[in-house]
Structures are given as C-alpha cells and as structure tokens.
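Here is how the chains run, residue by residue.
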Amino acid sequence: MNEYVLGVDLGTSAVKVSAMNRDGEIVAQQSFDYPLIQSHPGYSEQNPEDWVSGTTVAIVRLILDDHIKPEEISGISFSGQMHGLVLLDANNQVLRPAILWNDTRTSKQCREIEAKLGSKFVDITKNKPLEGFTLPKMLWVKENEPDIWSQAKTFLLPKDYVRYRMTGKLGMDYSDATGTVLLDVKDGQWSQAICDAFDIPMSMCPPLMRSIDSAGTVSSSYAVFSGLDTHTKVFGGAADNAAGAVGAGILSPNMVLSSIGTSGVVLKYEEDPTVDYHGVLQFEDHAIPDSYYSMGVTLAAGYSLNWFKRTFASDDSFDDMVASAAESTVGANGLLYTPYIVGERAPHADADIRGSFTGVDGTHKKTDFVRAVLEGIIFSFKDIMDIYDENDKQFDTVVAIGGGAKSPLWLQIQADIFNKKVVSLTNEQGPGMGAAMIAAVGLGWFKNFQECAEKFVHFGKTYLPNPDNAKKYDQLHQIYAQVYDQTKGISQQLLAYRRENN
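Quantities reported herein were computed from a predicted structural model and do not represent experimental measurements. (Residues numbered from 1 in each chain as written. Predicted model: local features only at pLDDT ≥ 70, side-chain atom pairs only at ≥ 80, totals over all residues. Heavy atoms only, no water.)

1. A look at the overall build of the chain
Put simply, the rule is: Runs of H or I in DSSP of at least four residues are treated as helices and runs of E of at least two as strands, each being numbered from the N terminus. Our radius of gyration is a C-alpha quantity, and the globule rule it is checked against amounts to 2.2 Å times the number of residues to the power 0.38. A 1.4 Å probe rolled over the protein chains alone gives each residue an accessible area, and that area as a share of the maximum for its type sets the label: buried under 20%, exposed over 50%, partly exposed in between.
Along its length, the chain carries 17 helices and 24 strands. Compactness check: the chain gives a C-alpha radius of gyration of 22 Å against a globular reference of 23 Å for 502 residues, within 12% of the reference. C-alpha atoms of the chain, sized along the principal axes, occupy 65 × 50 × 45 Å. Within the chain, buried positions represent 60% of all 502 residues.

2. Describing helix α13 (residues 366–390)
Going by this rule: The length a helix should cover is 1.5 Å for every residue beyond the first.
With 25 residues, α13 ought to run about 36 Å at 1.5 Å a step, and its terminal C-alpha atoms sit 36 Å apart, in line with that. Counting buried positions along α13 yields 22 of 25 residues, so the element is predominantly enclosed. After α13 finishes, the residue Asp392 shows a positive phi value of roughly 55 degrees.

3. Describing the UniProt feature "domain: Carbohydrate kinase FGGY N-terminal" (unreviewed entry) in the chain
The condition that has to hold: UniProt positions are given in the numbering used here, feature names are shortened, and annotations may be inferred rather than shown by experiment.
According to UniProt, the feature "domain: Carbohydrate kinase FGGY N-terminal" (unreviewed entry) maps to residues 4–247 in the numbering used here. In this annotation, residues 4–247 is assigned 36% helix and 23% strand; the end-to-end C-alpha distance for the span is 17 Å.

4. Here's the deal with the layout of surface pockets
Heads up, the rule is: For cavity detection a 1 Å grid was placed over the protein atoms alone, and a set of points counts as a cavity when a 1.4 Å probe fits there but cannot get out; an open set counts as a pocket when protein lies on both sides within 12 Å along at least five of seven lines, with lining residues being those that have an atom within 4 Å of a point. Grid points are joined across faces, edges and corners, and a volume is the space filled by probe spheres set on the points. Classes in brief: Ala, Val, Leu, Ile, Met, Phe, Trp, Tyr, Cys and Pro nonpolar; Asp, Glu, Lys and Arg charged; the others, Gly included, polar. An automatic or database domain assignment supplies the residue ranges for each domain.
Space inside the second largest pocket adds up to approximately 350 Å³. Surrounding the second largest pocket, 19 residues form its lining, Glu114, Leu130, Glu131, Ala349 and Asp350 being those nearest its centre. Of all the secondary-structure elements, those providing two or more residues to the lining of the second largest pocket are α2 (107–117) and α17 (467–501). Broken down by element, the lining of the second largest pocket gets its largest block of residues, four residues, from α2. Here the lining of the second largest pocket is composed, by residue class, of eight nonpolar, three polar and eight charged. Residue assignment places the lining of the second largest pocket across two domains, with domain 1 (4–236) and domain 2 (249–501) each supplying three or more.

5. Here's the deal with the side chain of Thr232
Rules: Definition of a polar contact: a pair of N or O atoms within 3.5 Å, with one able to donate and the other able to accept a hydrogen when the atoms are protein atoms, and with sequence-neighbouring residues admitted only if both atoms are side-chain atoms. Two residues qualify as a contact provided that any one of their heavy atoms is within 4.5 Å of a heavy atom in the partner residue.
By secondary structure assignment, the location of Thr232 is in the loop between α9 (220–226) and β14 (233–235). Reaching out from Thr232, the side chain makes a polar contact with the backbone oxygen of Ile73 at a distance of 2.8 Å. Residues in contact with Thr232, not counting those within four places in the same chain, are Pro70, Ile73, Ser74, Gly75, Ile76, Gly216, Thr217 and Val218.

6. Considerations on the domain arrangement of the chain
So the rule is basically this: What gets called buried area is simply the loss in accessible area from a 1.4 Å probe that two parts show on being joined, summed for both. Counted as salt bridges are all cases of a side-chain nitrogen of Lys or Arg within 4 Å of a carboxyl oxygen of Asp or Glu.
When its domains are assigned, the chain resolves into domain 1 (4–236) and domain 2 (249–501). Taking only C-alpha atoms into account, the centre of domain 1 sits 25 Å from that of domain 2. The interface is formed by 44 residues belonging to domain 1 together with 39 residues belonging to domain 2. Summing the contributions of domain 1 and of domain 2, the shared interface buries around 3,300 Å²; its carbon and sulfur component is 64%. Broken down residue by residue, the surface that domain 1 buries against domain 2 is led by Arg22, Lys126 and Ile212, which jointly contribute 19%. On the surface where domain 1 and domain 2 come into contact, there are one salt bridge.

7. Examining helix α15 (residues 431–443)
An ideal rise of 1.5 Å per residue puts 18 Å on 13 residues; α15 measures up with 18 Å between its terminal C-alpha atoms. Within α15, eleven of the 13 residues are buried, which leaves it mostly tucked inside the rest of the structure. Among all positions in α15, only Pro431, Gly432, Met433, Gly434, Ala435, Ala436, Met437, Ile438, Ala439, Ala440 and Val441 are buried. Gly444 occupies a position one or two residues after α15 and carries a positive phi of about 90 degrees.

8. Some thoughts on the UniProt feature "site: Important for activity" (unreviewed entry) in the chain
Taking the numbering used here, the UniProt-annotated feature "site: Important for activity" (unreviewed entry) corresponds to Asp9. With respect to the helices, strands and loops of the structure, Asp9 is situated in strand β1 (residues 4–10). In this structure Asp9 touches Ala14, Val15, Lys16, Ser79, Pro431 and Gly432, once residues within four positions along its chain are discounted.

9. Digging into the pairing of strand β17 (residues 264–270)
Cut-off, in case you're wondering: Two strands form a pair only when DSSP identifies at least two bridges running between them.
With seven of seven residues buried, β17 is to be regarded as a mostly interior element. Residues Gly264, Val266, Lys268 and Glu270 of β17 are buried on one face, and the alternating residues Val265, Leu267 and Tyr269, pointing to the opposite face, are buried as well. As paired elements, strand β16 (residues 255–260) and β17 share five bridges and run antiparallel to each other. Bridging from a neighbouring strand, Leu257 pairs with Leu267 of β17. Linking β16 back to β17 in an antiparallel pair, the connection comprises three residues. Examined bridge by bridge, β17 and strand β19 (residues 292–298) share seven bridges and lie antiparallel to one another. Opposite Tyr269, over in β19, you have Tyr293 as the bridge partner.

Here it is in structure tokens:
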C-alpha cells in the first residue's frame, strides 16, 4: 500500500496542501485562495473559518481529483502564518476576525509594553515588542473591544486553530509560541511575569507542544467533513519560517535562509539559546527539538516588486519585467530603492517609515527602476546579515527560496550583494515541504530531520559572487544604509498628512 504525509502550508493569501511519499516526492498538490479583510489603513484581518474551509477543500480535491486514498494518508502537519491572533470563547467559538501578522494598528500597545517592562521584556522573550507580534494585538482588543475581551478564554495562532478543528484538541507548538512574545524562551514556558504585568489570565495560554509531537488523530466529525480517515495522525507543526527553514535544509549554523515572499526573511539556525541580539533580530524556538533560529524580516520584499508591477508595469509579464533588469547595470545607474512601503521590521522596527527611490535622474529608464527594486530588497537583507557579522556569527552558504530563487539574475544579485555562495533548491516547496517533513519525522519514518532532509531536500545550482560586482555593491550598500535616517522624519510628516486628509 502507498503511504503519504500531508503538509498543510497555511499562508496569508492561500492554503496549499501537498501529499508526499516516503521518498520525498510530491505526489499531488492542491491549493485554495481566501481573502484579506482590510477595513482601515494598517488593518489586516481574516476569517478563521476561511482557513478551515480552504484547507478542507484542498484535502477533498486530493482525495477526489488526485485519487489519494484516505487510508493511505498516515500523517498531517502544518506550516502557519505567524503571530495572527485568534480569540476563542468558553465554547471554543471564534469571537472576532483574526488580526494578522501584517496588521500595524498596535504601535500604542508596543510602547505600553516597553514602558512597563523595558529591557526585562527582551530578557524574557528574546524579542522587542513589535506591531506584528501577538501580545500587542491582545492588548489592543483588551483596550478597544472590552466586550470581546471579556468573553475570551483561549487564544490560538492560525495553524493551531485549523489543527484544533481537525482534532478537537487545543495546543501551540514552541516555534509559534515564541512569536507571540508571551513565552519565556529560556524556561520554555508561558511567562507568568508578562501575563501578570498586563492582566492576562495564564489560562488563556494553550498547552505547549513540540513541532513533531502528536496532537491526536483526525476527529470523527472532521473525517465526515473532509473525507479523511480517523486513523490519520496529526502533528504540532511549526511557524512558517521554522517550517520553511526545515524544508530548505537549514539544519546547521553555517547556513542562512534568504526567503522572498510577500515579506522577506533572513533566517539563521542557532544552537545557543543565550545568544543576544538585543531584540533587533527575532529569536525563536525551532521546529527541530532543542534548537533555535534567529531571523530578521523585511515587511515588503516580494510585495515591493508586486506593487511596482501593478503600478508601473501592468502590461509586462512578471518574468519579463524581472529579466529586464539585466538591461540596467550594477547599482541601477545610480538609483536606490528602500522597500519600506508598509513600514519596516528589521533592523529598523518602524511602522511609520515609508519607501523611496533616491537618485532619480532624467536619464533613468524603467529597467533601472526594476533593477533598483530587486537590489533594494536584497540590500535590506544585507542589513540583517551585517548583524550576524557584528556578532561573529559566521556562515558561508545562503539558501535562496521564494521569488528571489526563480530568477537567475536575482540569484546572482544576491550572491554579489551578500558576497557569499548562494544556492537554490531543485524541489523548492518552502514551508509546505517543512510541514510534510515534520509529519514524516513525527511518524518515525526518519530518526531526525537531518536524515529526512537527505530524502526530501535537493540543492540545485550554486551562484558564486563576482568580486568586482561585490566590491561595487559594498560601496552602494554603505550609501543605502544612510537613507533610513535621512528620510525617517519626512516619512512621519507625510504619513501624518495622509492620515489627516484621507
């Protein structure tokens, strides 16, 4: 009999479910889109029921259209968009739309956390309070929707809610729990000190589990809903960045992940839980037991390119637009782009900063602007990698996934700007691959993730830095690094004007 695991990749715009066999081959794959709710500037929400419905439709299609037999599905696990707040009442019913990771309404609450706990907060959580994290969202609901807050008995993150609907059991894995900034990372427990400081009942915090831990089996009610078999085991799963790192083979300290999706992520495997980046980088529990990872996020990486295409190149295909950057030069003929069009997270935690093109000249062409966007996104990643250099965290290989790994030109730009070897994957599936690997290890198909990666993860072409280009990019990055300070005040004034007049 064939035997499969399902990797559920619950993203911001869609869910993708992959069926994989013991050889790490994708046998079938289905996806389902769902909408965002953006009722006010800076707000970003979703209906959790859309995640459940979308996941279920994708599974039903695997069974009906791809002829995956329910009894052949041995395990399921998850990758989930991080930080999104799902509030449940005493009957585990959803109280309001989920507030997502890219919602920026909580600046006031972040300042309140800093004022009350100061450096103690970073000592406990290894992170600064940022608008994207879950705790500030909880405080926003507490302050602005007291009727909702008074009914709230439990909170979950997106994938945890979908898993609850599959199994009937509440829980959260450590990699997602660290992203709530309610976890004491050193002790591996919910922080009593933080809950007490903000009058959050400890009972609201769900049980903790490892990513590879069993969360039960498919419930009889969900089996009827989805067509799955009740023997199928369900595992904890991981935050999307942790799952993406697993799926990209980031399993040792010499490797760094460069991921370009809607946002961009630079992620490094960490063995030492005492490393201190002073909250500038996020520090999280990994999907790999007793391991960690650090990461910095650029909020508008792929989103910058999508915005540019939608606004200035709508008639071009995406591939043709990106390829046209080859007609420009290293440094885009003296044009710089800062990708702060929805604010920024690392290394500048600033919800009010906005993007810019600097050095615009009457001789610049559209191809220069395209190249400036490609380079600007990678310059923002270089900002994050410089923090590793400053802390003597050596690495020699960058694994590129997402949109930045689909273009040979953009891969070479990464190698030249990072001045590091860059490799892509031949079977890239990102977080969905990691989710499937979590289920495979949880089932005991492999003794650990390293053994699993030998079957599931396959590296492709290597891109080496061009020394001349690397030298030019080093000079340009030093100029790029000055733009934030030069434009911060102007961005704040323009944003204030827009809020007053819109």
